[in-house]
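# Close look at the chain arrangement
One-letter residues, chain by chain:
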Amino acid sequence: MERLYKEIAAAPDGRVSYADYMQMALYDERFGYYTREREKIGKEGDFFTNSSLAPAFGKALASFLIRLVEQGGLPPAVCEWGGGDGRLALAVLEEWKKKSPHTYKNLSYTIIDQSPFHRRRQQETLRPVAERVRQYDTISRWLDECGPFSGIVFSNEFFDAFPVHVITKEQGVLYECFVAARNGRLVEEKAPLRNPDIIHYLDERGLALSEGQRLEVPLAMKQFWLEISPLFRQAVMVTIDYGYTDEQLGAPTRRHGSLRGYFRHQLISDPLCHPGEMDLTSHVQWDALRLYARRAGWEEVAFVRQDRFLLAAGLLNEWVVSESAELFSSASRQNRMIRTLITDDGISRFFDVLIHQKGVRLSALDIWAAPEFLP
């Protein structure tokens, strides 16, 4: 807290944008949340994610990726953005080895993760499949070394951690919200909106805030898509995350924005609490992501809720029919995971899956094991 406070106090006017604050609080090498030596995912961390159900989730995902290679003609090269503790990668690789040993022999699996702690944890988790895995700390370093990429890219809760600016509308005036260092505390301050990039974003997206509305502006996500896209040739990108469309953005429940923290499995509404010690996240603006991906040369293939994606990918094929009633058997445990992933009140109701392609043209038969589950 003290180091972050000093960093902000030294900025012009003693304040920084929310995007700069998030960049420091999450990614700074000295005090950022993701660089800290502590658990972040699972029971001992701050939040659960799909990787917590990796054995079942990974099997369905692996089946989907294998179809892209065997039916869609993509090279057996996979890159995961934000690998976490490596459990999802392990589940995918073990299932791939079992279901498609002939493509597994040539498979390369790359993980991009900025966190040194996570990269070390991945190395421990992925020892059984270490010969197939490479690691990089940044996407740019990976692409600089490997050149233009052809293959499959997927991410699970990657874009929700991108830094965002925050704006609000009060008494008919648009303001940008800043994080200021005042009297030993971090506080929010507002100033009339002057940032031309934010103004341009609102114009090109056709967004108009209602009175009292608060909105995150994902300029970093926009820049990311436009910068990386030329470095992909023949590729399919699978993006799994939570977010909302422009139509959902106008709902009364969204008027206060979505920037939040997660600290020891508690949702923290004030993003200035526990700086550097809690995860910060905002909902992905799906229509913005789709717009900039399209401008960057990607073609949209599908946009579905996660449970429909998993069912169409063949998750029910993993259901174990067993005569054993043992509650803690591996079969019962896997079936519980599957149920959690596909029931209406399960984890998948919070997630969507967006699939893009570039330089390839896939048909429905190339992708889905059970297309009847798609809406």
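Below is a summary of the structure that appears in this document. (Residues numbered from 1 in each chain as written. Predicted model: local features only at pLDDT ≥ 70, side-chain atom pairs only at ≥ 80, totals over all residues. Heavy atoms only, no water.)

## Section: helix α6 (residues 116–125)
- Those residues of α6 lying buried are Phe 117, His 118, Gln 122 and Thr 125. The buried residues of α6 occupy an angular sector of 135° when projected down its axis, which confines them to one face. (Buried < 20%, exposed > 50% of the residue type's maximum accessible area, 1.4 Å probe, protein only. Helix = DSSP H or I, 4+ residues; strand = E, 2+ residues; numbered from the N terminus. Arc of directions from axis to C-beta.)

## Topic: unusual backbone geometry
- Look at Glu 157: it is not a glycine, yet its phi comes out positive at around 55°.
- Along the polypeptide, Glu 157 turns up in the loop between β5 (149–156) and β6 (165–170).
- Note on Glu 157: relative accessible area 18%, which makes it buried.
- Even without being glycine, His 274 reaches a positive phi, approximately 50°.

## Some words on the state of the cysteines
- Using the criterion set out here, one finds zero disulfides in the structure.
- Free of any disulfide, Cys 146 has its nearest cysteine sulfur in Cys 79, 8.5 Å distant. (Disulfide = S-S within 2.5 Å.)

## Some thoughts on the side chain of Asp 241
- Topologically, Asp 241 is positioned in strand β10 (residues 232–241).
- Within the buried set, Asp 241 has no salt-bridge partner at all; the shortest N-O distance to an opposite charge, 12 Å, is to Arg 254.
- Polar contacts involving the side chain of Asp 241 include one to the main-chain amide nitrogen of Phe 158, which spans 3.2 Å.
- Polar contacts involving the side chain of Asp 241 include one to the main-chain amide nitrogen of Asp 160, which spans 3.3 Å.
- What Asp 241 contacts, discounting residues up to four positions off in sequence, is Glu 157, Phe 158, Phe 159, Asp 160, Val 284, Trp 286, Phe 350, Phe 351 and Asp 352. (Lys, Arg positive; Asp, Glu negative; His and termini not counted. Salt bridge = Lys/Arg side-chain N within 4 Å of Asp/Glu carboxyl O. Polar contact = N/O pair within 3.5 Å; in protein donor to acceptor, adjacent residues only side chain to side chain. Contact = heavy atoms within 4.5 Å.)

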